[in-house]
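Overview (structure and organization)
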Amino acid sequence: MKFAEENVVWPEIKKVAEPFYEGMQQHKVMIQQCTRCSTNLPPAQIVCDHCGSNDLKWVEVDGSGEIYSYVVYHRSFHPAFNDQVPYIVALIELKEGPRLMGHIKLKEGQTYKVGSAVVASFQKMDKNNELLYFQLEGGEN
Amino acid sequence: MTEFTRDYREPAWQLAVNAIGLAIKDAGLEHADIDGLLLNKSPLAELTDFPMEMEDYAGLSNLSLLNVVEAEGSSMVQTIQQATMAIQTGMATKVVCVFADTPLQGGTSAGDAFAVAMPMMGHLGIEIANGFYTPIAAYAMAAQRYLAVHNRTTDDLGAVAVSNRRWAELNDLAKLRKPLTLEQYRDAPFLIEPLRMLDCAYPVNGGIAVVVTGVEQAKECPQPPAYIYGMGQGHAGNINRRGHQPEIETGARQAGEIAYKMAGISASDIDACQFYDAFSISTLINLELYGLCDEGKAGEFVQSGGTSPGGSLPVNTGGGHLSGYYLQGATPVSEAVMQLRNQAGARQVNKLDHMLVTGYGGRMQFHAALIMGQQEGI
């Protein structure tokens, strides 16, 4: 991992995942789709796990879905996250089927559970990078 | 087995050499008798910490089988599976399988030792930016999904911690032996919700080795043999899309079905289990996927005392990873051998015709299982 700025941790991006990160910079949620069987795939796959094809394309989705599962960090395991605890990291099942990981940011008084509807949002991390996170549907800015 | 310590005394390779020597002596053999060595390297360790040169460190120069088996937490069971296959094909006759690890280096806590980003999203690598660190997080994600799908509470997880602790109270080797109640569990703070520290393995430094040999040779050894009747693996992938739930529908089901079929038994024949249980949630899921409880019902079974001392299905009878000692896949294997030899003292289980012994790795992706027992034939 590398430190893009103080208190920002950013992964070394593999070539196969670049369209996802480039999409986030433009506030787009990108997933993959198999051109042979049309199965929607979570990024960043090499081969379609449904039909075995390696002919995959990137498609933009609106980033809405529901909470598949989540955890709440009550302790930080990395200095960059010391100021954020407690923070929620969730797996979101997009309405197209694939699941993505992101924080859930709540507004005062909001409650949530597995199955709650969420929408995508983006947070500026540094001058080059935006990070996908999720808000409860109806509570977005 | 070496001594298990919470401080750093010797490197992992030295602990392995010590464990190998103890196992050979325990089996009534000489170093020259050993013709196979399978090394279970910890995923945390570098290959240089646990190299192929272990043959020389351990004084073994008559090997016709040598490998480093790397399948994360399923490795120890896999070494025994590979040893069994090698013996059956004639490639080797007496194989030592060894694990050693030193997660506790001077000055580092267990949390620090395991505080790496947890890969759940494959090549995407987004876990790092989201602060998704430590294996605890992946198991917390599985636990939350399990509890939501089955409409259960963290009392199910706590019941596993309590059951393990009750066994640990009976085990001199166990590290956490102070009685634990469900009320005390509920009062403990969350670490990564829904998991608490009491849901997590208790790491130690140490080494464990076993000798695998054929049935006739085993009878000549001074110790009573622990027999293997069946074995299987299951690797169900990590498919993050609708229709798949890799967090709670794991390869354990496949590993169990193959092992039961090979042994000619069904899940209802199992008398006791030694599960790899680095986190409490995995015991609930394994009880269900290995066919021992209906789906969503494992928590009720554990809460009723079914897995505890005196229960109908003793599980992790040494205290397991949570209260006993975390030496990855070697923990369930070591307890299985002590039980099958009737050397488990106050925690000895009386009826052990069929014991399920398992390992899994990663975030429950990689599974390996053995069906073992005390009698030569079933």
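That block above? That's the structure.
Residues numbered from 1 in each chain as written. Chains lettered and ligands numbered in written order. Predicted model: local features only at pLDDT ≥ 70, side-chain atom pairs only at ≥ 80, totals over all residues. Heavy atoms only, no water.

Thoughts on the pattern of salt bridges
This is how the line gets drawn: The term salt bridge refers to a side-chain nitrogen of Lys or Arg lying within 4 Å of a carboxyl oxygen of Asp or Glu.
Under the criterion given, the structure shown has 20 salt bridges over all chains. Across the pair Asp172(B) and Arg177(B) runs a salt bridge whose closest N-O atoms are separated by 3.4 Å. Taken together, the shared-partner salt bridges connect Asp62(A), Lys95(A) and Glu96(A) into one network.

What about the sheet that holds strand E7 (residues 227–235) of chain B?
Residues and elements named next belong to chain B. Operational definition: The criterion for strand pairing is that DSSP finds at least two bridges linking the strands in question. A helix here means a DSSP run of H or I that spans at least four residues, while a strand means a run of E at least two residues long, and both kinds are numbered starting from the N terminus. Angular values range over 0 to 180 degrees, each being the angle between N-to-C directions of two axes fitted as lines to C-alpha atoms, with helices fitted over their stretch in contact. Note on contacts: a residue pair is in contact if any heavy atoms of the two residues lie within 4.5 Å.
The strand order across the open sheet built from 4 strands is E7-E10-E9-E8, with neighbouring strands paired in mixed fashion. The two strands at the open ends of the sheet, each matched to only one other strand, are E7 and strand E8 (272–274). Each strand of the sheet is rotated relative to its neighbour by a mean of 20 degrees, with strand direction disregarded. The pairing of E7 with strand E10 (residues 366–373) spans 8 bridges and is antiparallel. Bridging across to E10, Gly-234 finds its partner in His-367. Sheet strands touched by helix H3 (residues 75–89): E7, strand E9 (355–361) and E10. Its angle to E7, the strand with the most contacts, is close to 120 degrees. In the packing of helix H9 (residues 252–263) onto the sheet, contacts are made with E7, E9 and E10, and the angle to E7 comes to roughly 150 degrees.

Points about the packing of helix H6 (residues 155–168) of chain B against helix H10 (residues 280–289) of chain B
Residues and elements named next belong to chain B. Spelled out, the test is: When an angle is under 35 degrees it counts as roughly parallel; over 145 it counts as roughly antiparallel; between 65 and 115 it counts as roughly perpendicular; any other value is oblique. Gly counts as polar in this scheme, as do all residues outside two lists: the nonpolar Ala, Val, Leu, Ile, Met, Phe, Trp, Tyr, Cys and Pro, and the charged Asp, Glu, Lys and Arg.
For the pair H6 and H10, interaxial distance at closest approach is 8 Å and the crossing angle is 100 degrees. Put simply, H6 runs roughly perpendicular to H10. In this structure, H6 uses Asp-156, Leu-157 and Val-160 to contact H10, whose residues at the interface are Ser-280, Ile-281, Thr-283 and Leu-284. A per-class count over the contact of H6 with H10 returns 4 nonpolar, 2 polar and 1 charged.

A closer look at the sheet that holds strand E3 (residues 29–34) of chain A
Pairing between sheet strands relies on hydrogen bonds along the backbone, with the strands arranged either parallel or antiparallel. All names here are of chain A. The strand order across the open sheet built from 3 strands is E4-E3-E5, with neighbouring strands paired in antiparallel fashion. The open sheet terminates on both sides in strands that have one partner only, identified here as strand E4 (40–41) and strand E5 (56–61). Bridge count for E3 against E4 is 2 bridges, and the pairing is antiparallel. Looking across to E4, one finds that Gln-33 is bridged to Asn-40.

As for the interface of chain B and chain A
Definition in use: Joining two parts hides part of their accessible area as seen by a 1.4 Å probe, and the buried area is that hidden amount summed over both. Throughout this description, a polar contact denotes any pair of N or O atoms lying within 3.5 Å of each other; where both atoms belong to protein, one of them has to be capable of donating a hydrogen while the other can accept it, and for residues adjacent in sequence the pair is counted only when both atoms sit in side chains.
At the junction of the two partners, chain B supplies 37 residues and chain A supplies 48 residues. Buried area between chain B and chain A, summed over both chains or domains, comes out near 3,600 Å², and the portion from carbon and sulfur atoms is 61%. It is His123(B), Leu124(B) and Arg241(B) that lose the most area in chain B upon contact with chain A, and together they represent 20% of the buried surface on that side. For Asp49(A), the salt bridge is made with Arg241(B), and the minimal N-O distance between the two is 2.4 Å. Summed over the shared surface of chain B and chain A, the result is 22 residue pairs in polar contact (both at pLDDT 80 or more). If you tally residues by element for the side of chain B that touches chain A, the top one is helix H5 (residues 135–149) of chain B, at 7 residues. Considering only residue class, the side of chain B that touches chain A consists of 19 nonpolar, 11 polar and 7 charged. Looking at chain direction, strand E6 (residues 65–73) of chain A and strand E4 (residues 190–193) of chain B are connected through 2 bridges and run antiparallel. Looking at the pairing, Val72(A) lines up with Glu193(B) of E4(B).

Some details on H5(B)
All names here are of chain B. Note the following rule: Take the residue count of a helix, subtract one, and multiply by 1.5 Å to get its expected span. The buried label applies to any residue whose accessible area, calculated with a 1.4 Å probe on protein chains only, is under 20% of its type's maximum; exposed applies above 50%, and partly exposed to all values in between.
Taking 1.5 Å of rise per residue, 15 residues should cover 21 Å, and H5 covers 21 Å from first to last C-alpha, within 8% of that figure. Taking burial as the measure, the 15 residues of H5 include 13 buried ones, the bulk of the element. Taken from the residues just after H5, Asn-151 is the one with a positive phi, measuring 55 degrees.

Observations concerning the packing of aromatic side chains
As a reminder of what qualifies: Each Phe, Tyr or Trp ring (for Trp, its six-membered ring) is paired with any other whose centre lies within 6.5 Å, and the angle between the two planes then decides the class: stacked below 30 degrees, edge-to-face above 60, tilted in between. Both a distance and an angle decide whether a charge sits over a ring: NZ of Lys or CZ of Arg must be within 6 Å of the ring centre and within 35 degrees of the ring normal.
For the structure shown, the criterion picks out 14 aromatic pairs over all chains. Here the aromatic rings of Trp13(B) and Tyr57(B) are separated by 5.1 Å at their centres, their planes lie at 55 degrees, and the arrangement is tilted. With Trp13(B) in helix H1 (residues 12–26) and Tyr57(B) in helix H2 (residues 54–57), this pair connects stretches of sequence that are 44 residues apart. Given a relative accessible area of 32%, Trp13(B) falls into the partly exposed group. Chaining the aromatic ring pairs together yields one cluster made of Tyr73(A), Phe77(A), Phe81(A), Tyr87(A) and Tyr133(B). Sitting over the ring of Phe77(A), Arg75(A) keeps its end group 4.2 Å from the ring centre. Above the ring of Tyr133(A), the side-chain terminus of Lys105(A) is found at 4.8 Å from the ring centroid.

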